[in-house]
Amino acid sequence: MAKIINVKVIPFLSILIVLLYALYNAQFRDPLKVDSKKHKHYKEHIKTHKVLHYKDELSQINTDEYTKQYIIQVINHGSTGLGFKGGVMEGGFANPEDAEKIACYTMTLSGRQCSTPYAEDAPMFYTSICGGCHGNDGTGLGGSYPDLTKAKMLGIEAREMFLRSMQKNH
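The structure displayed is predicted, hence computed values, not measured ones.

**A closer look at the overall build of the protein chain**
Scanning the protein chain from terminus to terminus reveals 7 helices and 2 strands. Taken from the N to the C terminus, the helices and strands of the protein chain come in the order α-α-α-α-β-β-α-α-α. Of the roughly 12200 Å² of accessible surface on the protein chain, a fraction of 60% belongs to carbon and sulfur atoms.

**What to know about the state of the cysteines**
For the structure on display, the rule yields 1 disulfide. The disulfide partner of Cys-104 is Cys-114, and the S-S distance across this bridge is 1.9 Å. Highlighted residues: Cys-104 in helix α5 (residues 96-109) and Cys-114 in the loop between α5 and α6 (122-134), separated in sequence by 10 residues. With relative accessibility at 1%, the residue Cys-104 sits in the buried group. The cysteine Cys-130 is free of any disulfide, with Cys-133 supplying the nearest cysteine sulfur at 8.6 Å. Using a relative accessible area of 31% as the deciding quantity, one classes Cys-133 as partly exposed.

**Re the nonpolar core**
With 24 residues, the main nonpolar core has Ile-71, Ile-75, Ile-102 and Tyr-126 as its most contacted residues. Listed by contribution, the elements that provide at least two residues to this core are α3 (53-60), α4 (64-77), α5, α6 and α7 (154-168). A per-element tally of this core places α5 first, with 7 residues. Residues within four places of Ile-71 in sequence aside, it is in contact with Ala-103, Thr-106, Met-107 and Met-153.

**Some points on the pattern of salt bridges**
Two side chains that carry opposite charge are able to pair once their charged atoms sit near each other. A complete count under the given rule lists 8 salt bridges for this structure. Lys-101 is paired through a salt bridge with Asp-98; the nearest N and O atoms lie 3.4 Å apart. Within this pair, Lys-101 and its partner Asp-98 are both found in helix α5, separated by 3 residues, close to a single helical turn. This pair shows no difference in class: Lys-101 is buried, exactly as Asp-98 is. Two residues, Arg-164 and Glu-160, come together in a salt bridge whose shortest N-O distance is 3.0 Å. One end of the pair is Arg-164 and the other is Glu-160, both in helix α7 and 4 residues apart, which spans about a single turn. The exposure class assigned to Glu-160 is buried, which follows from its relative accessible area of 11%. If you follow the salt bridges from partner to partner, you end up with Asp-98, Lys-101 and Asp-121 in one network.

Parameters at a glance
As a convention, each chain's residues are numbered from 1 in the sequence order in which they are written. Reporting of local features is limited, given that this is a predicted model, to residues whose pLDDT is at least 70; pairs of side-chain atoms are given and counted only at 80 or more, and all residues count toward the totals for whole chains, interfaces and linings. Excluding hydrogens and water, the side-chain figures rest on all heavy atoms present in the structure. Counting from the N terminus, the helices are DSSP H or I runs at least four residues long and the strands are E runs at least two residues long. For the area figures, the Shrake-Rupley method with a 1.4 Å probe applies, and any residue is considered shielded solely by the protein chains shown. Working definition: a disulfide is two cysteine sulfur atoms within 2.5 Å of each other. A 1.4 Å probe rolled over the protein chains alone gives each residue an accessible area, and that area as a share of the maximum for its type sets the label: buried under 20%, exposed over 50%, partly exposed in between. Side-chain atoms within 4.5 Å link the members of a nonpolar core, which is a set of buried Ala, Val, Leu, Ile, Met, Phe, Trp, Tyr and Cys residues. Residue contacts are defined here by distance: any two heavy atoms, one from each residue, within 4.5 Å place the two residues in contact. Salt bridge criterion: a side-chain nitrogen from Lys or Arg within 4 Å of a carboxyl oxygen from Asp or Glu.

Distances and angles like these do not, on their own, reveal function.
In structure tokens, the structure reads:
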């Protein structure tokens, strides 16, 4: 007669199954193999790339345009993963239409140049929307918020470390 599995063992078996599945995916599953029935345009999309997405992003990560797009993304959508005393930054403090001019002004705080000159009212937008946390000079109010005067922003540094770890694994 079959023995009934002890109820206390079920959670451990569930965790074991999940871990084995994760190990299988990490070691044996080909990340470039995509179900073309679910992703109909993937084959056409991948043909347009000479390199993998993360390698392409790494090649652009130190450019002024990448920095500008990163700042715009943070202004519009917020930032949660940096762990500053001031907490997370909610997105939407500025109109999306104003995000580019704020980003271009913010870049000047670290000595970077924007591809388009920032508007005359950009410093006023920065001071009224961003200055309360980052300081009018961008230094982050003594470490409570990210320092925007650094040559490379902290979020971009973290993204670069992640992409380089992807590169080591492939």
